[in-house]
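Spelled out, the chains give:
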Amino acid sequence: MPPGAPGYGLVVRFAYDVIGIIRDQIRDGGRRSEVGGLLFGRDEEVVGVFAAPNVAPAPQAEFRIDPEVMDHLLLNEEARGHELLGSYHSHPRGSAEMSGADAAMAMQTGLLLIIACERGRPWDWRLWDPVASGEAEFVVAPPYQL
Ligand SMILES: [Zn+2]
């Protein structure tokens, strides 16, 4: 669902440094494997990003987070008053469309940010909202002050 379509409405704010961390991770992650992690924050503002190792059996085609790593991050962030807002990962050789596995990940974690890459650089960022079954808009805010 494109922005402006009926039913569309969710706008998520990303702290500026969150986007920088994700961009650096993709640049350093190379072109062979998908890289990603979890997004934490409050309300509809993402203020924390945690890179997680990709434990998928075929990491060139899928991103999967170890459930124990996810549980550990959840406990740490809940203690800081943050909740899990979603996850993100790269598609080093594809578009930023959701795969079947991605849809399952979105249902598990909430929002799903997919970044399509070309020559190791992120070029297309799409945020999927599993509740609305559509694409959400996101804006990048200045560095967040806690
Ligand atoms: Zn994917």
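Look up a bit, the structure's there.
Reading guide: rules and limits
Residues numbered from 1 in each chain as written. Predicted model: local features only at pLDDT ≥ 70, side-chain atom pairs only at ≥ 80, totals over all residues. Core = buried A, V, L, I, M, F, W, Y, C linked by C-beta atoms within 7 Å. Buried ≥ 20, exposed ≤ 12 C-beta atoms within 10 Å, placed from the backbone. Helix = DSSP H or I, 4+ residues; strand = E, 2+ residues; numbered from the N terminus. Contact = placed C-beta atoms within 7 Å. Pairing = 2+ DSSP bridges. Axes fitted to C-alpha atoms, helices over the stretch in contact; angles between N-to-C directions. Expected span 1.5 Å × (residues − 1). Arc of directions from axis to C-beta.

**Overview of the nonpolar core**
And step 1. Leu-39, Val-46, Leu-111, Leu-113 and Ile-115 are the most contacted members of the largest nonpolar core, which totals 29 residues.
And step 2. Among the secondary structure elements, those contributing two or more residues to this core are strand E1 (11-15), helix H1 (16-29), strand E2 (36-42), strand E3 (45-52), strand E4 (83-91), helix H3 (100-109), strand E5 (111-118) and strand E6 (121-129).
And step 3. In terms of residue count, E5 provides more of this core than any other element does, six residues in total.
And step 4. Residues contacting Leu-39, with those up to four places away along its chain left out, are Val-46, Val-49, Leu-85, Gly-86, Ser-87, Tyr-88, Leu-111 and Leu-113.

**Looking at the sheet that holds E4**
And step 1. Taken together, seven strands build a closed barrel; the order of strands is E1-E3-E2-E4-E5-E6-E7 and the barrel is mixed. Averaged over neighbouring strand pairs, the angle between their axes works out to 35 degrees when direction is ignored.
And step 2. In this structure, E1 lies alongside strand E7 (residues 134-141), joined through five bridges in parallel fashion. What sits directly across from Ala-15, in E7, is Ala-141.
And step 3. Sheet strands in contact with H1 are E1, E3, E4, E5, E6 and E7, and its direction is about 20 degrees off that of E3.

**With respect to H1**
And step 1. For H1, built from 14 residues, the straight-helix expectation of 20 Å at 1.5 Å per residue is met to within 8% by its first-to-last C-alpha distance of 20 Å.
And step 2. Every buried residue of H1 is listed here: Val-18, Ile-22 and Ile-26. Mapping the buried residues of H1 onto a view down its axis gives an arc of 70 degrees, with all of them on the same face. In H1, the exposed residues that point more than 90 degrees away from the buried face are Tyr-16, Asp-24 and Asp-28.
And step 3. For H1, the elements touching its buried residues are E1, E3, E4, E5 and E6.

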